[in-house]
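# Observations on the model geometry
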Amino acid sequence: MKFGTNLMLGGALFAMVIIAGIFAPWLAHTDPVMAADLMYAEEPPGSAFWFGTDAQGRDIYSRVLYGARISLTVGIVSQLINTVIGVCLGLSAGYWGGWWDDFVNGLTNLMLAVPSLIFALAIMAILNPGLTSLLIALGLTNWSFTCRIARASALSLKSQGYVQAAKVLGYGDLRIMLTQLLPNMLGPIIVIGTLGMGGAVLAEATLSFLGLGIRPPFPSWGSMLSDAREQITTAPWISIFPGLAIFVTVLGLNLLGDGLRDILDPHSRSRRA
Amino acid sequence: MSEAPNALLKLEDLAVHFPVGGGLLGGPRGVVHAVDGIDLELKHGECLGLVGESGCGKSTLALSILGLQAPTRGRVLLDGKAVDGAAGDRMARARTVQMVFQDPFSSLNPRQTVRRTLETPLRLHGVKAKSEVEDRIAEILGHVGLRPEHAERYPHEFSGGQRQRIGIARALILKPKIILLDEPVSALDVSIRAQIINLLLELKETLGLSYLMISHDLGVVEHMSDRVAVMYLGRIVETGDWKSIFTNPRHPYTKALIAAIPDPFGRAQGAKIFGEIPNPLDPPTGCGFHPRCPEARDICRRPPIPDLEDLGQGHSVRCRRVRELAA
């Protein structure tokens, strides 16, 4: 594949989803929640309803657009929380070593041993379903890979001459971590963060599908899929379009992550050259 | 010679031991004596060459002088004052001792411009006025032969020799008195080495610096050093001014090192040595060099470790048979 194709395609798909989310009020044909009209229930896709309507007669096209807002918010915010937690723990563990490193390693192994979705399910079961709890549940359960990467990078970077030089010049630990280590490990962190965002979008859909995420009638792709379960043979469009939206978003994010890796990782760049 | 009062840096019986092996509960299985009782003095305006094979403890010694490695035993005195790891001490130490690193490619942060690299230490050490920061950076770049506009560039825009000049500028920015040179030219092209060596010698004169140069390149050491200390297995085996070391080496190890200098005219003499530095976990009894020494006798294998014997004129040798062996 030509250099940059992943990046362009992934970026375009992700940008499309972002635009859909931001401009949903202008792009949507009807209100996603209130505009239910049983006269038009389960209409197949057509010129009036581009993606058809669901069992309550709501326009699926409008609901998919609004659903992008929830998916993106959850994907971006929860992944940001994960990245911050992972980088703080991994960077300090790799740099300081000692008992703190052992502790962080233990914690990371613990997180990796518990399936993160089960963990998120448990948190959601304790908190009330809703956007905030979703952000907390997904933001606290997926930092282990970022943490591993940050720790490994810190370990390899801290023996570099410029880190030693910074110590000799009297830099404090925090300053060394922020100015010498962090900028040099951003590449892989961004890649993992982008790929993780796709995972978070999927996890949100899964939790909402299970009824522990965004509560109906608010349009989340996961809860729309959940609602469409019974009509999957009679009115497949009700599940196809939210499913397609999830597919496009996650595909876009994964391609973007791969594309960023090609750019940010000097090893893969020199291999291509 | 008596202890000079103007010793800028003094190491007293400095030792760094590393426990190795052992798990969570079991104690350490052994101790590596990386540096084992070093006494050394660096006088004002002097260049002291520290020579030895890889693994003899040169780098560990440098780390403990810089305060990055706590000594197990002994002390480091800077300007007559003992220093330890306290935070305030660290800043004062940074203004006294700095280091030039071996590899100019990994010793500069690729994400920082030269200005950032030079400006941050200044600010950390209280130089905050913008004009003063500018002046200091321009001045130091001038000293190392770079132009002021180079400050805006990133390390990848420079050649190896220029990078090493930036590394030297960074070491000098706080106006230290002592510079540790860790193989300052061995990572450079041969064509660039002479330039950097001359630059270092010139800076030593103009800025009144003292160098402790760690190297295994005896050619460079011969060219730059006033005094030479030869290290083997964590100890100094011979020390003296460069002339007596290079023309009249007394320790078999030093003789072998000097014999190993490539000589295009084939004048090299003396026995070459073979083998590797012994396992520091299980050092030989008696003289640490006896397993490889062409002159070893039974007396060399018996403990204890031989003392550093003063032969006069600052020339000391750690060898039991030094009086027997011809000079």
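Since this is a predicted model, take the numbers as computed values, not measurements.

Quick notes on the rules
Once a new chain begins, its residue numbering starts again from 1 and follows that chain's sequence as written. Note on labels: chains are lettered from A, ligands numbered from 1, in written order. Predicted model: local features are reported for residues with pLDDT of at least 70 only, side-chain atom pairs are reported and counted for 80 or more only, and whole-chain, interface and lining totals are derived from all residues. Side-chain metrics rest on all non-hydrogen atoms present in the structure, leaving aside hydrogens and water. Two strands are counted as paired when DSSP detects at least two bridges linking them. The helix count covers DSSP runs of H or I at least four residues long, the strand count covers runs of E at least two residues long, and both are numbered beginning at the N terminus. Whether two residues touch is decided by their heavy atoms; if any such pair falls within 4.5 Å, the residues are in contact. Axis lines are fitted through C-alpha atoms, for helices just across the contact stretch, and the angle between N-to-C directions can take any value from 0 to 180 degrees. What pLDDT reports is the predictor's confidence in each residue, on a scale of 0 through 100. Expected helix span is computed as 1.5 Å times (number of residues minus one). Relative accessibility thresholds used throughout: buried, under 20% of the residue-type maximum; exposed, over 50%; partly exposed, between the two (1.4 Å probe, protein chains only). Picture the helix axis, draw a direction to every C-beta atom, and the arc is the one those directions span. UniProt positions are given in the numbering used here, feature names are shortened, and annotations may be inferred rather than shown by experiment. The term buried area refers to how much accessible surface (probe radius 1.4 Å) is lost by two components on association, counted for both of them together. Here a salt bridge means any side-chain nitrogen of Lys or Arg lying within 4 Å of a carboxyl oxygen belonging to Asp or Glu. Any N or O atom pair separated by 3.5 Å or less is treated as a polar contact, with the protein-specific requirement of one donor-capable and one acceptor-capable atom, and with residues adjacent in sequence counted only for side-chain atom pairs. A pair of Phe, Tyr and Trp rings is counted when the ring centres sit within 6.5 Å of each other, with Trp represented by its six-membered ring. The angle between the planes then sorts it: under 30 degrees is stacked, over 60 is edge-to-face, the rest tilted. We count a charge as sitting over a ring when the NZ of a lysine or the CZ of an arginine lies within 6 Å of the ring centre and within 35 degrees of the ring normal.

## Quick notes on the sheet that holds strand β7 (residues 178-182) of chain B
Residue and element names in this part refer to chain B. Pairing within the open sheet is mixed, and its eight strands lie in the order β6-β7-β8-β3-β9-β10-β12-β11. Each edge of the sheet is formed by a strand with only one pairing partner; in this case those strands are β6 (97-100) and β11 (309-310). Where helix α5 (residues 160-172) meets the sheet, its contacts fall on β6 and β7, and the angle it forms with β6 comes to roughly 175°.

## Section: the confidence of the model for chain A
The pLDDT averaged across chain A works out to 85; a share of 96% of its residues lies at or above 70. Per-residue pLDDT stays below 50 along residues 269-273 of chain A; that stretch engages in five contacts with residues further than four places along the chain or on separate chains.

## Notes on helix α1 (residues 5-22) of chain A
All names here are of chain A. Along its 18 residues, α1 runs 25 Å from first to last C-alpha, staying within 8% of the 26 Å computed at 1.5 Å per residue. Burial in α1 covers these residues: N6, G10, L13, F14, V17, A20 and G21. Angularly, the buried residues of α1 cover 115° about the axis, an arc narrow enough to put them on a single face. Looking at the packing, one finds that the buried side of α1 touches α2 (24-27), α3 (60-96), α9 (173-209), α10 (221-228) and α11 (237-264).

## Comments concerning the UniProt feature "domain: ABC transmembrane type-1" (unreviewed entry) in chain A
Feature annotation in UniProt places "domain: ABC transmembrane type-1" (unreviewed entry) on residues 68-257 of chain A, given in this structure's numbering. The distance separating the terminal C-alpha atoms of residues 68-257 of chain A is 19 Å; by composition the span is 81% helix and 0% strand.

## Observations regarding helix α4 (residues 98-113) of chain A
Residues and elements named next belong to chain A. Here α4 contains 16 residues, and its C-alpha end-to-end distance of 23 Å stays within 8% of the 22 Å for a straight helix at 1.5 Å per residue. By the burial criterion, the buried members of α4 are D101, V104, T108 and M111. The buried side chains of α4 occupy one side of the element, clustering within an arc of 90° when seen end-on. Facing away from the buried side of α4 by over 90 degrees, the exposed positions are W99, D102, L110 and A113.

## Observations regarding the interface of chain A and chain B
Counting residues at the interface gives 15 residues for chain A and 25 residues for chain B. Note on chain A versus chain B: buried area summed over both sides is about 1,700 Å², and carbon and sulfur give 58% of it. At the boundary of chain A with chain B, the tally comes to zero salt bridges. Where chain A packs against chain B, one counts 10 residue pairs in polar contact (both at pLDDT 80 or more).

## Considering the packing of aromatic side chains
One pass over the structure, following the stated rule, counts seven aromatic pairs over all chains. Here Y232 of chain B and F289 of chain B contribute two aromatic rings whose centre-to-centre distance is 5.0 Å and whose plane-to-plane angle is 85°, an arrangement assigned as edge-to-face. Within this pair, whereas Y232 of chain B is found in strand β9 (residues 227-232), its partner F289 of chain B is found in the loop between α9 (252-259) and α10 (298-301), the two being separated by 57 residues in sequence. Per residue, the accessibility class of Y232 of chain B equals that of F289 of chain B, and both read buried. Members of the aromatic cluster, each reached through a chain of ring pairs, are W99, W100 and F103 of chain A. For the cation-ring pair, R229 of chain A lies above F209 of chain A, with the distance from its terminal atom to the ring centre recorded as 5.8 Å.

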